[in-house]
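Coordinate analysis (summary)
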Amino acid sequence: PRARSSRRAETRPRLSFAVSLVDGSSRPVQGRRFDMPVDDDEVPTVWVIWGSQYVAKALVALDAHGIKHYVKRGKLGTGGLEDLPGGGKLVPVLTAGADVVVPDSEAILRWAEKTRGANLYPTPQCAEWSERASDGFLPNAVLYYNWIEPEGYARSMRAKFASLVPWYAGGGTCIAGYLVDWGTAKKRAEFAEKVLPELSKHPDVGTLEGRADAVAKEHVIREALVKELAHFQSGLGANGAAGYLCGGDAPTAADCSVYAQLERLVGTMGDARVPASVPGLLDDTRLGAIKKWREMMVERHPIRYGGKRAPTE
């Protein structure tokens, strides 16, 4: 049985780990190994943390293209994720057989195309948009609204983590929210230090002088976010039909990347059930087509983390 500990000593590690459950996610890296040989009948395993938008990107791509896979949760230790294949600290990581280790969401999609025939990059624009949606203004806006902007944080991360606080530590009461604020304060400051310089690169936003300035300029950041989504929306064509961003009859890398990020703003990340940070964002009349596209993606390609455990586990 677990040794008893004080509420404060026990709650903070839980919340610290919970932060990594959602945003301990990988970005494109150098030296991608997506062209390693793999047996056709080898079922890959994807190492994940629930709620991660980068994990969701990879899982949607594999599901949408009929690529069977297993899911394994990363092991959480005092320093975050431990014992991931390849020795890294970030997810998703895909493994197949004894030789293939693919530690990056974009590389996993490239691997799926090269080794499994998934048509994820039919045009150069698909590749450009996929990386833009994973590393550009959009993902930094996602972090801003989930962790920095007070109303978005309260709706999403604060609410999610408060629901995880056990009853004996104040779960189900206002105390839970205060514990979340305390337990995530350092991580929120780290996100601000990382995200604000990236948002400042947008010409319509300009230099953000700290968190207070970023909060005061929420309307400016939101307008820039609408324009960024409108850019991706342009791939749907003039008629606004609910097709895919690069055409075709299945999601491309661009669809998977934009969809996964957008769900952290307006959706619930599928069965991870992370509350939306900006639920009314797509009510803007300028985003009517991408709103229909997102509804189509949710219906046809729901994000599924669960129900994929390997039979031997």
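That block above? That's the structure.
Now for a description of the structure that goes with this document. Note that the coordinates shown come from a computational prediction; the quantities given were computed from them, not determined experimentally.

Tracing the backbone through its elements, the reader meets Gly-243 in the loop between helix H9 (218-233) and helix H10 (253-266). Separated by 47 residues in sequence, Gly-243 and Ile-290 have C-alpha atoms that sit 9.8 Å apart.

Strand order in the open sheet formed by four strands is E2-E1-E5-E6, with mixed pairing between adjacent strands. Looking at the sheet topology across the chains shown, the edges are occupied by strand E2 (70-73) and strand E6 (100-102). Sheet twist, expressed as the average angle between the axes of neighbouring strands with direction ignored, equals 20°. Relative to E2, strand E1 (residues 45-48) runs parallel, the two being bridged by four bridges. When the sheet's bridge partners are listed, Val-46 is paired in E2 with Val-71.

Simply put, the disulfide is a covalent bond whose two ends are the sulfur atoms of two cysteines. Tallied over the full model, the rule gives one disulfide. The residue that forms a disulfide with Cys-126 is Cys-246, at a sulfur-sulfur distance of 2.2 Å. Here Cys-126 is found in helix H4 (residues 124-135), whereas its partner Cys-246 is found in the loop between H9 and H10, with 120 residues between them in sequence.

Look at H4 against H10: their axes get within 7 Å of each other, and the N-to-C directions meet at 20°. Here H4 lies roughly parallel to H10, going by the angle between them. Here H4 runs over H10; the crossing is left-handed. Facing H4, whose interface residues are Cys-126, Trp-129, Ser-130, Ala-133 and Ser-134, H10 presents Ala-253, Ala-254, Ser-257, Val-258 and Gln-261. Considering only residue class, the contact of H4 with H10 consists of six nonpolar, four polar and no charged.

It is worth spelling out the packing of aromatic side chains at this point. Aromatic rings considered in pairs are described by the distance between their centres and by the relative angle of their planes. Counted by the stated rule, this structure contains seven aromatic pairs. Between Trp-167 and Tyr-168 the ring centres are 5.7 Å apart and the planes differ by 85°, which places this aromatic pair in the edge-to-face class. An angle of 85° between the planes, with centres 6.4 Å apart, marks the rings of Tyr-259 and Trp-293 as edge-to-face. Of this pair, Tyr-259 sits in helix H10 while Trp-293 sits in helix H11 (residues 288-300), and the two are 34 residues apart along the sequence. Clustering of aromatic rings is evident, with ring pairs tying together Trp-147, Phe-161 and Phe-191. We note Arg-132 situated over the ring of Phe-232; from NZ or CZ to the ring centre the distance is 5.9 Å. One residue, Arg-188, lies across the ring of Tyr-153, its end atom 3.6 Å from the ring centre.

Take the packing of helix H2 (residues 53-64) against helix H3 (residues 105-116) next. Contact pair H2 / H3: the axes reach a minimum separation of 9 Å and the direction vectors enclose 10°. Comparing the axis directions of H2 and H3 gives the class roughly parallel. For the pair H2 and H3, the contacting residues are Tyr-54, Lys-57, Ala-58, Ala-61 and Leu-62 in the first and Ser-105, Glu-106, Ile-108, Leu-109 and Ala-112 in the second. Class assignment for the residues of the contact of H2 with H3 results in seven nonpolar, one polar and two charged.

Let us look at the nonpolar core. Counting 93 residues, the largest nonpolar core has Leu-94, Leu-120, Leu-225, Leu-229, Leu-265, Leu-281 and Trp-293 as the members making the most contacts within it. When sequence neighbours within four positions are dropped, the list of residues in contact with Leu-265 reads Leu-138, Ala-141, Val-142, Tyr-145, Leu-225, Ala-276, Ser-277, Val-278, Pro-279 and Leu-281.

Before going further, it helps to spend a moment on the pattern of salt bridges. Within the structure shown, the criterion is met by 14 salt bridges. Among the ionic pairs, Asp-63 bridges to Arg-304, the shortest N-O distance being 3.3 Å. Taken together, the positions of Asp-63 in helix H2 and Arg-304 in the segment after H11 put the pair 241 residues apart, joining distant regions of the chain. In this structure, Glu-198 engages Lys-201 in a salt bridge whose closest nitrogen and oxygen atoms are separated by 3.2 Å. Look at Glu-198 and you get partly exposed, because its relative accessible area is 30%. A relative accessible area of 60% places Lys-201 in the exposed class. Salt bridges sharing common partners tie together Asp-63, Arg-304 and Lys-308.

So, how was this worked out
- Residues numbered from 1 in each chain as written.
- Predicted model: local features only at pLDDT ≥ 70, side-chain atom pairs only at ≥ 80, totals over all residues.
- Heavy atoms only, no water.
- Helix = DSSP H or I, 4+ residues; strand = E, 2+ residues; numbered from the N terminus.
- Pairing = 2+ DSSP bridges.
- Axes fitted to C-alpha atoms, helices over the stretch in contact; angles between N-to-C directions.
- Disulfide = S-S within 2.5 Å.
- Parallel < 35°, antiparallel > 145°, perpendicular 65-115°, else oblique.
- Left-handed = near helix turned anticlockwise from the far one by under 90°.
- Contact = heavy atoms within 4.5 Å.
- Nonpolar A, V, L, I, M, F, W, Y, C, P; charged D, E, K, R; others polar.
- Phe/Tyr/Trp six-rings, centres within 6.5 Å; stacked < 30°, edge-to-face > 60°.
- Lys NZ or Arg CZ within 6 Å of the ring centre and 35° of its normal.
- Core = buried A, V, L, I, M, F, W, Y, C linked by side-chain atoms within 4.5 Å.
- Buried < 20%, exposed > 50% of the residue type's maximum accessible area, 1.4 Å probe, protein only.
- Salt bridge = Lys/Arg side-chain N within 4 Å of Asp/Glu carboxyl O.

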